[in-house]
Amino acid sequence: MVLQLLTCFLLLAPMATPLLSQSFSPTVLVRDAGGIGDVTARDFNGDGDIDLMIASWWPGAALYYDRATFDSLIRYEVYVSGGSARNLTSGDFDNDGDWDVAIAAWDDEFCALLRNTGSSNPQSLFAIDTVFAQGGGPYAAKAADLNGDGETDLITSELRNATNQVRIFEQLNGSLEEIWLSSLAHDPLGLATADFNGDGTLEVLIAAGQDGGVYVMRHTSIGGYSLSQEIPGFTLTALAAADIDGDGETDIFACDFGADRIRRWEATGTGWAMSLLPGSVTNPRDIELADFDGDGLMDVACTAQGEQNSGGGVFWWRQSAAGTFTIQQITNESNFYGLAVSDYDLDGDLDLLAANVSSQQVVLFRNLMGTPSRIIGIVSSERGGAPIEGVIVTALETGTTGITDAAGRYELGVIEGVFSLRFHHPCWQTRTIVGIETNSEDTTFADAAMQRPVIELPVSSLNVFVQNEIVSTYELWIENSGDAPLHVESEPMSIAPLFPWIDVQPRSLAIQPGESGLFTVTFSPDTLNDGVYDFLGELTLLTNSCPDTVVRIAIHAIVLDSPDRDSRLPLTTRMESAFPNPFNATVTLPVEIGAADHYSIRTFDIMGRQVATLHNGYLSPGRMTFQWSAGEYASGTYFVVLESPRGRWETSIRLIK
């Protein structure tokens, strides 16, 4: 209702005074990207959302912005030039079904095709091909199917010193081939296309500076193009053409940089009839035609450079009836240049994206007119009622998304209709609510309660006393404090010894919200037969609780009646002092093993030659001794080396006979 009242007020306002529009809402999408001169918005990677490609004047570059999660934009450099990259256009120039980009690099005198490779890696999504090099300062580029064969062709303009020309490249077998070049007496600053005679082929319109006005390139009977100065006497920077009033004749709209106006020419039987759109626009730069308010009539939008940081901005003219326009100023910030039209937020209406050279920004002006209704709501925990932040809310019919704030609140702008909303969060069960009806007269409220399991453990480690050769059990209770079923799987693991002293039953549990489940941990120690005394292990719990998807519980079981309570499993591996040392004939070598592994124990003489192998094989954690009988060896100093993949330890011994 507010939007309808606003529109009525604007229609009654004086036509020469642009009003700040409340029909578009600004959001800065790109910052700090150099002097951004142009922007195009397409789904370049085919993932269903709209990405950006921008042309930067300094440093001269084409920058690709991949739209990622939470509507973030990730920047990738596609092309870096030696000077300003002026204008760009997008189209399927190689006929492979995806969007490519052509960019006019003015200072480099180079026109590049950024060919979409279809790669899943955004860094290699575009490959650089040359359209032409050593041009006379490529300035503008326009994609269009000129000959009606279903394939996208390319038009470019060049201006530098005395070189003012327009080239036409026809797509043949998936590549661009130059088929025509026309020279003109004025700077070709802007390009557009239109089918003037309804024959299914397009004429090329040229916006010319220096009072050049409008040039038109028409198809000839022999397959070429004829160039004529159709409307002289105006300094134009950009133009667009369409049958905007539905009378069957093409209308031309152009940015008159010299007069600070938007001009319209209507075709007549004898030429062109000119009129001015209401309002003054200081140094207009780019122009687009589209139906922004969804009333079936095409509207007009333009950017303006301004002068001395005033008088510029972004403007649009609403066509309320055939040929009747009302001006609204969306923003009064100066130095806007390139302009693109796209349903960036996927809500069913057309938004504006404008490039600002001085602020180095791309600004999205989100269309509010096609979204007169909105859905708002609170997302909270079903069990406790606490708000949930970071939930992605999506209207499935349009793809419009929103994210809940710290209070669990979200807002979606949608058109009138019936919607299904999906609520997704990595730690909560995804939920979908269907049949949410919206209308243009009111706000629709749709709260959602989400569920998730939450694991609660009484301990973070198990330290128990058990009796030797007697089965002992420990009850491990697990609580689900969440509001969705909790699933837990158990994986016991022995660290030292590697014998099956431990078991857990059951191996999996399903615990309902607010209830508890029981794992029974069973110990079966056998210190006499296994030759070890204590047990070290770990119990791993795999759950659907977030963020505690994997929980590890350390286990230490002390055997109370083991044969030697003073013997503990060593924590490290080392060689203790040999005895006796010096020795005559036989020496005892104590060893502590901290971790089970493959070990070798060898003896070397003072020259480094191996003289004996005392052990070569698997050892479990514990304390043990080895003996070396050296009766056949000469007196002297020897070295005993303990070695495994984990390390090397050694001690010296002396044999005296």
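Now for a quick tour of the structure. (Residues numbered from 1 in each chain as written. Predicted model: local features only at pLDDT ≥ 70, side-chain atom pairs only at ≥ 80, totals over all residues. Heavy atoms only, no water.)

Some thoughts on the overall build of the protein
And step 1. The secondary structure content of the protein amounts to two helices and 53 strands.
And step 2. When the backbone C-alpha atoms are referred to their principal axes, the protein occupies close to 125 × 65 × 45 Å.
And step 3. Out of the 657 residues in the protein, the part that is buried amounts to 52%.
And step 4. Put simply, the protein shows about 28300 Å² of open surface, and 49% of that area lies on carbon and sulfur atoms. (Helix = DSSP H or I, 4+ residues; strand = E, 2+ residues; numbered from the N terminus. Buried < 20%, exposed > 50% of the residue type's maximum accessible area, 1.4 Å probe, protein only. Areas by Shrake-Rupley, 256 points an atom, 1.4 Å probe, with all protein chains shown as cover.)

A look at the state of the cysteines
And step 1. One pass over the structure, following the stated rule, counts one disulfide.
And step 2. Bridging C427 to C546, the disulfide has an S-S length of 1.8 Å. Of the two residues, C427 is situated in the loop between β34 (417-425) and β35 (428-438) and C546 in the loop between β45 (534-543) and β46 (550-559); the sequence distance between them amounts to 119 residues.
And step 3. A relative accessible area of 16% places C546 in the buried class.
And step 4. Here C255 is not cross-linked by a disulfide; its sulfur's nearest cysteine counterpart is in C302, at 5.3 Å. (Disulfide = S-S within 2.5 Å.)

Observations regarding the sheet that holds strand β43 (residues 508-511)
And step 1. Pairing in this open sheet of five strands is mixed, and the strands run β39-β46-β45-β41-β43 from one edge to the other. Each edge of the open sheet carries a strand with a single partner, namely β39 (461-466) and β43. When the angles between neighbouring strand axes are averaged without regard to direction, this sheet yields 25°.
And step 2. With four bridges joining them, strand β41 (residues 486-496) and β43 adopt antiparallel strand pairing. Bridge assignment links E489 to a residue of β43, and that residue is S508. (Pairing = 2+ DSSP bridges. Axes fitted to C-alpha atoms, helices over the stretch in contact; angles between N-to-C directions.)

Description of the side chain of S644
And step 1. If you trace the backbone, S644 turns up in strand β52 (residues 636-644).
And step 2. Each residue touching S644, except ones within four places of it in the same chain, is listed here: H598, Y599 and W649. (Contact = heavy atoms within 4.5 Å.)

Topic: the side chain of R285
And step 1. Structurally, R285 can be placed in strand β23 (residues 284-290).
And step 2. The charged side chain of R285 is buried without a salt bridge, its nearest counter-charge being D286 at 9.7 Å.
And step 3. Within polar-contact distance, the side chain of R285 engages the side chain of Q305 at 2.9 Å.
And step 4. Each residue touching R285, except ones within four places of it in the same chain, is listed here: Y139, T237, A238, C255, F257, T303, A304, Q305, F336 and Y337. (Lys, Arg positive; Asp, Glu negative; His and termini not counted. Salt bridge = Lys/Arg side-chain N within 4 Å of Asp/Glu carboxyl O. Polar contact = N/O pair within 3.5 Å; in protein donor to acceptor, adjacent residues only side chain to side chain.)

Quick notes on the layout of surface pockets
And step 1. Approximately 970 Å³ is the volume found for the second largest pocket.
And step 2. Taken together, 43 residues form the lining of the second largest pocket, with K142, D286, I287, E288 and L339 sitting closest to its centre.
And step 3. Elements represented by at least two residues in the lining of the second largest pocket include exactly β3 (36-42), β7 (85-91), β11 (138-144), β15 (188-194), β19 (236-242), β23 and β27 (336-342).
And step 4. Tallied by class, residues from the lining of the second largest pocket come to 23 nonpolar, 12 polar and eight charged. (1 Å grid on protein atoms, 1.4 Å probe; cavity = no way out; pocket = protein on both sides within 12 Å on 5 of 7 lines; lining within 4 Å. Points joined across faces, edges and corners; volume = space filled by probe spheres on them. Nonpolar A, V, L, I, M, F, W, Y, C, P; charged D, E, K, R; others polar.)

A few points about the pattern of salt bridges
Close approach of charged atoms allows side chains with opposite charge to pair.
And step 1. Under the counting rule described, the total for this entry stands at 22 salt bridges.
And step 2. Here R552 makes a salt bridge to E538, at a shortest N to O gap of 3.8 Å. Of this pair, R552 sits in strand β46 while E538 sits in strand β45, and the two are 14 residues apart along the sequence.
And step 3. Accessibility expressed as a relative area gives 55% for R552, which makes it exposed.
And step 4. Among the ionic pairs, R623 bridges to E592, the shortest N-O distance being 3.2 Å. With R623 in strand β51 (residues 622-629) and E592 in strand β48 (residues 586-593), the pair connects residues that are 31 residues apart, well separated along the chain.
And step 5. What makes R623 partly exposed here is its relative accessible area of 45%.

Describing the sheet that holds strand β2 (residues 24-30)
And step 1. Spatial strand order, β2-β29-β28-β27: four strands in an open sheet with antiparallel pairing. Among the strands making up the open sheet, the edge pair consists of β2 and β27. Within this sheet the neighbouring strands show an average axis-to-axis angle of 25°, counted without direction.
And step 2. Across six bridges, the pairing between β2 and strand β29 (residues 361-367) is antiparallel. What sits directly across from P26, in β29, is F365.

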